[in-house]
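Below are the chains, spelled out letter by letter.
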Amino acid sequence: MEWLNTLLQGVLLGGLYAMFAVGLSLMFGIMRLVNIAHGDFIVLASYLALMVVNHLGFSPLASLLIVVPLMFCFGYLLQRLLLNRTLGTDILPPLLVTFGLSIIVQNVLLEFFSADSQKLSQGDLEVASVGIGNLSVGVMPLIVFGSALLIIGGLQLLFYKTSLGRAFRATSDDQHTARLMGVNNAHIFGLAMALAMAVVSIAGVFLAIRTSFDPTVGPARLLYGFEAVIIGGLGSLWGTLAGGVILGVAQTLGAKIDPGWQILAGHLVFLLILVVRPRGLFPRSVD
Amino acid sequence: MTDNNDNNLFGRNFSRRDFLRSTGLAAGGVALASMPFTFAIGSERVIKLGYVSPQTGPLAPFAAADNYIIESLKQVLKNSINVGGKAYRLEVIVKDSQSNPNRAAEVASELILSDQVDLMLVSSTPETTNPVSDQCEINEIPCISTVAPWQPWFFTRGGKPNQGFEWTYHFFWGLEDVIGAYSSMWGAMPSNKVVGGLFPNDGDGNAWGDQKLGFPPVLAQKGFQLVDPGRFQSLTDDFSAQIAAFKKADVEIVTGVVIPPDLSTFWTQARQQGFKPKAVSVGKALLFPTAVEALGKAGNNLSTEIWWSPTHPFSSSLTGASAGQLAQGFTQATGKQWTQPLGFVHALFELAVDILKRTEEVGDAHAVRDALLKTNLNTVVGPINWKGGPVKNVAKTPLVSGQWRLGNDSKYDLIVTSNATAPAIPLGGEMQAITY
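Remember, predicted model here, so these are calculated numbers, not experimental data.

Overview of the overall build of chain A
Right, on to step 1. Within chain A, the secondary structure is distributed over 11 helices and two strands.
Right, on to step 2. Starting at the N terminus and ending at the C terminus, chain A contains elements arranged as α-α-α-α-β-β-α-α-α-α-α-α-α.
Right, on to step 3. Relative to its length of 287 residues, chain A is compact, with a C-alpha radius of gyration of 19 Å against a globular reference of 19 Å.
Right, on to step 4. Expressed as a percentage of its 287 residues, the buried residues of chain A come to 55%.
Right, on to step 5. Summarising the internal contacts of chain A: among those between residues at least 6 apart in sequence, 75% fall at separations of at least 24.
Right, on to step 6. Summing over all exposed atoms, chain A offers an accessible surface of approximately 11,800 Å²; the carbon and sulfur share of this is 70%.
Right, on to step 7. Here chain A contributes 14 positive and 13 negative side-chain charges, whose respective centroids are spaced 14 Å apart.

Pasting the structure below:
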């Protein structure tokens, strides 16, 4: 029973990691952009939600109604005005620019919100739990996992059932040919970043309900996102979910053996998969 | 060995550097005595205080009261200080460590070498106090540090109990006080005496969980049973393993020294997974009211150690204000709730002014250090002198423990609930079990 509990908690944690990773997966899959500032954008979204909660009196989950569109627009503008200019054959400029963004975001947050740690409180729902046998499972983690399933399912539909999705996939496969077919790459990239930021904002709010945050906690979240993407295989959304779950389960199982192994176990599984299947479990993109 | 010539100044090993300095001083003195008027016309001697604290970065909440204290110091002293019947201009030069030990060392050496401060002050966590103290020790400038338990300040810097340091002095409490304060707090509450430990794999966590010097031996002696699942990495996203271990061992008291995000993750998950301890006494994460407020209602009756509070029966030697008045003044000026570093940073400047006033020769680092050694001052954090400490260079201040209570305006107040370790400090209420 104890092991079952460990496994279940790991799977639920994986839902949160998958949500960190989906944004990264989109950015890398479509525009080959490695976003070092991803973790800081998650924290930025948490602070946006905090402002909405404090000033408009919304509950954290309701604040998503405002935070998601805001981050969507922010993502689009960021890509069109800044990141598009850094994309090219060289992978280094976007890396450097997002690294700079990471530092800027952290310090701007510090300037406006100070280093005090903050948390979003979802009232009774935050600690509500359901009993399964003699296991006690939090309702919030279930909601997080459910949202991850919905988001990934939704993105999957968008990618494979709509003309916008076709444009995304075409640009991902071959930018130059896609442009010849009348696809506006700059716009497509903007939309991809906007979508990624919308997912990031949901992840940010869930993170802020689960634990407290301050301007400097972002980079630690980036790593798990990366690992989930790599484990799952580049370009595969369901793979990203699998990657998140594998990472989450590895961590909880590691912690069950010894708490010192918790984070290490996650990294070890990541390395192991990198050795056995260098392109991840379910790779889709060819390059 | 190149660094041994700075020790034993008064012993037989009177170093070459000291020789040069004292002969230089004597020669300079002779020269000045022969032309007293040029001295009087020359630029006035300014006494400079250097102060390093983490004003930005993750440690910034520690320095939140700095500006207020330095401003009020300026109002009280009007930028001047009387030494030996003569008024000197006093200048306080404040530097930000940016919560980074390397940066702290850098600004300390700037203060020493280019600003030529007479006395160095530093506060808040070993990450700030240690590099600055080290710089002062090397450059032979007196330094007072605070707001870091004395063991990580003393032993981490390579201090040997029988030898100590020559230029750097510290005042605060130590690990033995936290252990005493926590265990007496738990003793006052009915429980099964099973304690769960959350000790991260960092300097604090390893010290608290140490089998010889930490919690385990003292708890065993006092009849508590400690369940320690092992060291974990800070910023962990999941505490299910610890929660399962605690539930299995029927833990009723949780303790540890964790960062705020880890405490909120643990506390949220504990309640989700049906783990309901009677007491949660944690260092670090529960220090600041904002961190407790962030927990919402779930912060009520969580407990922590208290180094200073407005109810401490001490008052400032500078302004005469009681601890309560100091806290009130801070709240009026800034609109913020008092925090524990407020008292200690104030006491740091109390000490500085007291020492400088008693200095026999302005501009001589040895004279400042000698005045420091003779200190016996009643400050807003209690009486301080460097004669009766656990090791040389360390003066201890009293430590008690208490609980955060939710007030009417959804603000939390920190209330002293156990004073067995320092009976002079009045109780604010009784220890209460956490209710669900």
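There's plenty left to go through after this.
Topic: the sheet that holds strand β14 (residues 394–395) of chain B
All names here are of chain B.
Right, on to step 1. Strands sit in the order β2-β3-β1-β4-β5-β6-β14 across an open sheet of seven strands; the sheet is mixed. Each edge of the sheet is formed by a strand with only one pairing partner; in this case those strands are β2 (80–83) and β14.
Right, on to step 2. As paired elements, β2 and strand β3 (residues 86–96) share four bridges and run antiparallel to each other. Directly across from Val83, in β3, lies its bridge partner Lys86.
Right, on to step 3. On top of the sheet, helix α14 (residues 341–357) reaches β1 (46–53), β2, β3, β4 (119–123), β5 (143–146) and β6 (168–171); it is set at about 170° to β4, its chief contact.

Some words on helix α11 (residues 262–276) of chain A
Residues and elements named next belong to chain A.
Right, on to step 1. When the terminal C-alpha atoms of α11 are compared, their 22 Å separation across 15 residues agrees well with the 21 Å that a helix rising 1.5 Å per residue should span.
Right, on to step 2. Inspection of α11 places Gln262, Ile263, Ala265, Gly266, Phe270 and Ile273 among the buried residues, and these make up the whole buried set. The buried residues of α11 occupy an angular sector of 165° when projected down its axis, which confines them to one face. Projecting away from the buried face of α11 at angles above 90 degrees are the exposed residues Leu272 and Val275.

Observations regarding the interface of chain B and chain A
Right, on to step 1. At the junction of the two partners, chain B supplies 33 residues and chain A supplies 37 residues.
Right, on to step 2. Across the chain B to chain A interface the summed buried area is about 2,800 Å²; carbon plus sulfur atoms make up 52%.
Right, on to step 3. Contact with chain A buries surface across chain B, with B:Leu235, B:Asp237 and B:Gln272 losing the most and accounting together for 25% of the total.
Right, on to step 4. Summed over the shared surface of chain B and chain A, the result is four salt bridges.
Right, on to step 5. Salt-bridge contacts for B:Asp238 lead to A:Arg210; the nearest nitrogen and oxygen are separated by 3.7 Å.
Right, on to step 6. Joining chain B to chain A, the criterion identifies 14 residue pairs in polar contact (both at pLDDT 80 or more).
Right, on to step 7. Breaking the side of chain B that touches chain A down by element, the ones donating at least two residues are α10 (240–248), α11 (260–272) and α12 (289–293) of chain B.
Right, on to step 8. A per-element tally of the side of chain B that touches chain A places α11(B) first, with eight residues.
Right, on to step 9. The residue inventory of the side of chain B that touches chain A, partitioned by class, reads 12 nonpolar, 16 polar and five charged.

What to know about unusual backbone geometry
For residues besides glycine, phi is generally negative; the peptide bonds are generally trans as well.
Residues and elements named next belong to chain B.
Right, on to step 1. Phi angles above zero are rare outside glycine, and Thr125 is one such case at about 70°.
Right, on to step 2. The topology assignment puts Thr125 in the loop between β4 and α5 (126–139).
Right, on to step 3. Positive phi, normally seen in glycine, also occurs at Lys193, with a value near 65°.
Right, on to step 4. The topology assignment puts Lys193 in the loop between α7 (175–187) and β7 (194–198).
Right, on to step 5. You can call Lys193 partly exposed: its relative accessible area is 32%.

Regarding empty space enclosed by the protein
Right, on to step 1. Applying the stated criterion across every chain yields a total of six cavities of 30 Å³ or more.
Right, on to step 2. Here the largest cavity is characterised by a volume of approximately 110 Å³.
Right, on to step 3. Around the largest cavity, the lining residues are A:Leu12, A:Leu13, A:Leu16, A:Met140, A:Pro141, A:Val144, A:Phe206, A:Ile209, A:Arg210, B:Thr268, B:Gln269 and B:Gln272.
Right, on to step 4. Elements supplying a minimum of two residues to the lining of the largest cavity: α1 (2–31), α5 (139–161) and α8 (185–210) of chain A together with α11 of chain B.

Here we look at the UniProt feature "domain: Leucine-binding protein" (unreviewed entry) in chain B
Right, on to step 1. Within the UniProt annotation, "domain: Leucine-binding protein" (unreviewed entry) is assigned to residues 47–400 of chain B.
Right, on to step 2. As a span, residues 47–400 of chain B carries 38% helix and 19% strand, and end to end its C-alpha atoms are 37 Å apart.

Details of the packing of aromatic side chains
Residue and element names in this part refer to chain B.
Right, on to step 1. The final tally for this structure, using the stated rule, is 34 aromatic pairs over all chains.
Right, on to step 2. Ring plane angle 70° and centroid distance 4.9 Å describe the contact between Phe172 and Phe344, whose orientation is recorded as edge-to-face. Here the residue Phe172 occupies a position in the loop between β6 and α7, and Phe344 occupies one in helix α14, the gap between them amounting to 172 residues.
Right, on to step 3. We classify Phe172 as buried; its relative accessible area is 2%.
Right, on to step 4. A ring pair is formed by Trp208 and Phe215, whose centres lie 5.2 Å apart and whose planes are at 20°; its orientation type is stacked.

Let's talk about the domain arrangement of chain B
Residues and elements named next belong to chain B.
Right, on to step 1. The domains assigned to chain B are domain 1 (4–21 + 42–172 + 311–380) and domain 2 (176–306 + 399–418).
Right, on to step 2. When each unit is reduced to the centre of its C-alpha atoms, the spacing between domain 1 and domain 2 is 32 Å.
Right, on to step 3. Each side of the interface is counted separately: domain 1 has 11 residues, and domain 2 has 13 residues.
Right, on to step 4. For the domain 1 and domain 2 pair, buried surface summed over both sides reaches about 980 Å², with 58% attributable to carbon and sulfur atoms.
Right, on to step 5. The largest per-residue losses of area from domain 1 upon contact with domain 2 belong to Gln337, Trp338 and Gln340, which jointly make up 50% of the total buried on that side.
Right, on to step 6. Linking domain 1 to domain 2 there are zero salt bridges.
Right, on to step 7. At the junction of domain 1 with domain 2, the criterion picks out four residue pairs in polar contact (both at pLDDT 80 or more).
Right, on to step 8. Along the lines of polarity and charge, the residues of the side of domain 1 that touches domain 2 split into five nonpolar, six polar and no charged.

Cut-offs used in this document
Residues numbered from 1 in each chain as written. Chains lettered and ligands numbered in written order. Predicted model: local features only at pLDDT ≥ 70, side-chain atom pairs only at ≥ 80, totals over all residues. Heavy atoms only, no water. Helix = DSSP H or I, 4+ residues; strand = E, 2+ residues; numbered from the N terminus. Rg over C-alpha atoms; globule rule 2.2 N^0.38 Å. Buried < 20%, exposed > 50% of the residue type's maximum accessible area, 1.4 Å probe, protein only. Contact = heavy atoms within 4.5 Å. Areas by Shrake-Rupley, 256 points an atom, 1.4 Å probe, with all protein chains shown as cover. Lys, Arg positive; Asp, Glu negative; His and termini not counted. Charge placed at Lys NZ, Arg CZ, Asp CG, Glu CD. Pairing = 2+ DSSP bridges. Axes fitted to C-alpha atoms, helices over the stretch in contact; angles between N-to-C directions. Expected span 1.5 Å × (residues − 1). Arc of directions from axis to C-beta. Buried area = accessible area lost by both parts, 1.4 Å probe. Salt bridge = Lys/Arg side-chain N within 4 Å of Asp/Glu carboxyl O. Polar contact = N/O pair within 3.5 Å; in protein donor to acceptor, adjacent residues only side chain to side chain. Nonpolar A, V, L, I, M, F, W, Y, C, P; charged D, E, K, R; others polar. 1 Å grid on protein atoms, 1.4 Å probe; cavity = no way out; pocket = protein on both sides within 12 Å on 5 of 7 lines; lining within 4 Å. Points joined across faces, edges and corners; volume = space filled by probe spheres on them. UniProt positions renumbered as here; feature names shortened; annotations may be inferred. Phe/Tyr/Trp six-rings, centres within 6.5 Å; stacked < 30°, edge-to-face > 60°. Domains from an automatic or database assignment.

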